[in-house]
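Observations on chain architecture
The primary structure of each chain is shown beneath.
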Amino acid sequence: MCRWLTFSKCLGLFLGMALGSAAMAETAVYRFSPVNQWDITKTAAYWNPIIQYVSAKSGVKLELKIGRTSADTTAYVLAQEVEFVFSNHLFSPEREKLGWRVFGRRAGPMLYGQIAVPEDSPIRRLEDLKGMDVVFAGPEAFVGYRLPYAELLKRSIPINPVFAGNQNAAFSQLFAGRAKAVGSNSALIDGFEEREGKALRVLWTSEGYHDLALMAAAKVPEPAVRAVAQAFFNMHKDPHGKTILKQASETVGLSEKFYFMSATNADYSAYRRFYESAPMSVR
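These numbers come from a predicted model, not from an experiment. Position numbers for residues count from 1 along each chain, tracking the sequence in the order it is written. Thresholds applied to this predicted model are a pLDDT of at least 70 for local features of residues and 80 or more for the giving and counting of side-chain atom pairs; totals over whole chains, interfaces and linings are not thresholded and use all residues. Note that the side-chain values use all heavy atoms of the structure and ignore hydrogens as well as water.

**Overview of the pattern of salt bridges**
Salt bridges, as used here, are contacts in which a Lys or Arg side-chain nitrogen is within 4 Å of a carboxyl oxygen on Asp or Glu. A complete count under the given rule lists 15 salt bridges for this structure. The salt bridge partner of glutamate 96 is arginine 272, with a shortest N-O separation of 2.9 Å. You can see glutamate 96 sitting in helix H4 (residues 93-96) and its partner arginine 272 sitting in helix H10 (residues 269-277), a full 176 residues away along the chain. One connected set of salt bridges, linked through shared partners, spans Arg31, Glu83 and Lys219. Secondary structure elements are taken from DSSP: a helix is a run of H or I of four residues or more, a strand is a run of E of two residues or more, and numbering for both begins at the N terminus.

Printed below as a string of structure tokens:
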């Protein structure tokens, strides 16, 4: 192409193309899909301030993309419509082939799968749930559904799983009497009790698992991943970031212990071990 142009015009053309490519890179928007741990309103209230902060600090524009339910959001991820996620739905053997990379996680206590009933319920044992409705956020919830349901299958306790769409809705159905027990993770049960002032009695608790992972799609350039990672990891160290994180956490009943830190795929080996022996119906 340059053979018909003067050197100065040719140089100008390539500089213009280079600057245009840089501008496109600077304005690229990456979709961020966190699992719906709460209803859409609370999920957005928690994540929007956080990703706005991360976008500003990293120079990498993030945009929240969530579905109506956690299963809908995971469907976006599996369809490769997003570039960053906060999830623990991608550690099954089939989904690991998609190439998602763990770069961080939320700090705080280990998460435990739990099955619980209202404190005043006459139900005292898992065996008492035989044939009853048990409500879960959704079939994609690893700690809140797959772990508890696998335990019930292991003990040959048949129940009728009911899917509410998110954990808040699951708690609401439980206390409205539309289910006898709820499956959840320990942090969301603790947050619900603190936020709503309603007590639950835990019937069963699993082994501990790390909180959900911050992950990037294989197609995201490494410099963008590093910049986003550092913004997440330094958030609780920056006075402005710490304030945003504290306020966001308060909206969903989380404590300040739940900041973001570095992690690798190795931190999620317990998830992979589960799939090695889990019943086919919960894989």
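**Remarks on the sheet that holds strand S1 (residues 29-34)**
Note on pairing: two strands pair once DSSP finds at least 2 bridges between them. Strand order in the open sheet formed by six strands is S2-S1-S3-S10-S4-S11, with mixed pairing between adjacent strands. Whereas interior strands pair on both sides, the edge strands pair on one side only; in this sheet they are strand S2 (61-64) and strand S11 (260-262). Recorded for the sheet is a direction-independent mean angle of 30 degrees between the axes of neighbouring strands. Sheet analysis places strand S3 (residues 84-87) next to strand S10 (residues 213-216), joined by four bridges and oriented antiparallel. Each residue of the ladder has a partner; that of serine 87, found in S10, is alanine 213. Only heavy atoms matter for contacts: two residues are in contact if any of them lie within 4.5 Å across the pair. Throughout, an axis means a line fitted to C-alpha atoms (over the contacting stretch in the case of helices), and angles, computed between N-to-C directions, take values from 0 to 180 degrees. Most of the contacts of helix H8 (residues 222-234) go to strand S4 (residues 101-106), to which it runs at about 10 degrees, and overall it touches S1, S2, S3, S4, S10 and S11.

**As for the nonpolar core**
Among buried residues, the Ala, Val, Leu, Ile, Met, Phe, Trp, Tyr and Cys ones that are joined through side-chain atoms within 4.5 Å form a nonpolar core. Burial classification: accessible surface area is computed with a 1.4 Å probe over protein chains only, and a residue below 20% of its type maximum counts as buried, one above 50% as exposed, and the rest as partly exposed. Among the nonpolar cores identified, the biggest contains 76 residues, and Trp47, Ile50, Phe84, Phe103 and Phe232 are the most heavily contacted of them. The contact partners of phenylalanine 232, leaving out residues within four places of it in the chain, are Phe32, Trp47, Ile50, Val54, Phe103, Leu214 and Phe260. Residues Val135, Ala164, Phe171 and Ile189 belong to the second largest nonpolar core, which totals twelve residues.

**Some thoughts on helix H9 (residues 239-252)**
Any helix carries an expected span of 1.5 Å times its number of residues minus one. Taking 1.5 Å of rise per residue, 14 residues should cover 20 Å, and H9 covers 21 Å from first to last C-alpha, within 8% of that figure. Of the positions making up H9, those classed as buried are Gly241, Ile244, Leu245, Ala248, Ser249 and Val252. Axial view of H9: buried residues confined to an arc of 125 degrees, hence all on one face. Across H9 from its buried face, at more than 90 degrees, point the exposed residues Pro239 and His240. Buried positions along H9 lie against helix H2 (40-58), helix H7 (186-196) and S11. At the exit of H9 stands glycine 253, carrying a positive phi of roughly 85 degrees. Here the arc refers to the directions that run from the helix axis out to each C-beta atom.

**Here's the deal with the packing of helix H6 (residues 167-175) against H7**
Axis separation between H6 and H7 bottoms out at 11 Å; the angle between their running directions is 65 degrees. As H6 runs across H7, the sense of the crossing is right-handed. Only Leu188, Ile189, Phe192 and Arg195 of H7 make contact with H6, whose side of the interface consists of Gln167, Asn168, Phe171 and Phe175. Ten residues, namely Ala, Val, Leu, Ile, Met, Phe, Trp, Tyr, Cys and Pro, are considered nonpolar, four, namely Asp, Glu, Lys and Arg, are considered charged, and the remaining ones, Gly among them, are considered polar. Looking at side-chain class alone, the contact of H6 with H7 contains five nonpolar, two polar and one charged residues. By the definition used in this description, the sense in which the near helix is turned from the far one sets the handedness, with an anticlockwise turn below a right angle giving left-handed and a clockwise turn giving right-handed.

**Here we look at the sheet that holds strand S6 (residues 133-136)**
If you trace the five strands from one edge of the open sheet to the other, you get S7-S6-S8-S5-S9, paired in mixed fashion. Across the chains shown, the open sheet's two edge strands, defined by having one partner strand only, are strand S7 (160-163) and strand S9 (200-209). Between one strand and the next, the sheet's axes are offset by a mean angle of 25 degrees, whatever the strand orientation. Note that S6 and S7 share four bridges and pair parallel. Residue pairing across strands places aspartate 133 opposite asparagine 160, the latter belonging to S7.

**Here we look at H7**
Of all the positions in H7, only Ser186, Ala187, Leu188, Ile189, Gly191 and Phe192 are classed as buried. Those residues of H7 hidden inside the fold are in contact with strand S5 (111-118), H6, strand S8 (181-185) and S9. Pairs of N or O atoms within 3.5 Å make up the polar contacts considered here, provided that, within protein, one atom can donate a hydrogen while the other can accept it, and that residues adjacent in sequence are counted only when both atoms are side-chain atoms. The distance from a side-chain oxygen at the start of H7 to the backbone nitrogen of alanine 187 is 2.9 Å, and the residue carrying that oxygen is asparagine 185. At the exit of H7 stands glycine 197, carrying a positive phi of roughly 70 degrees.

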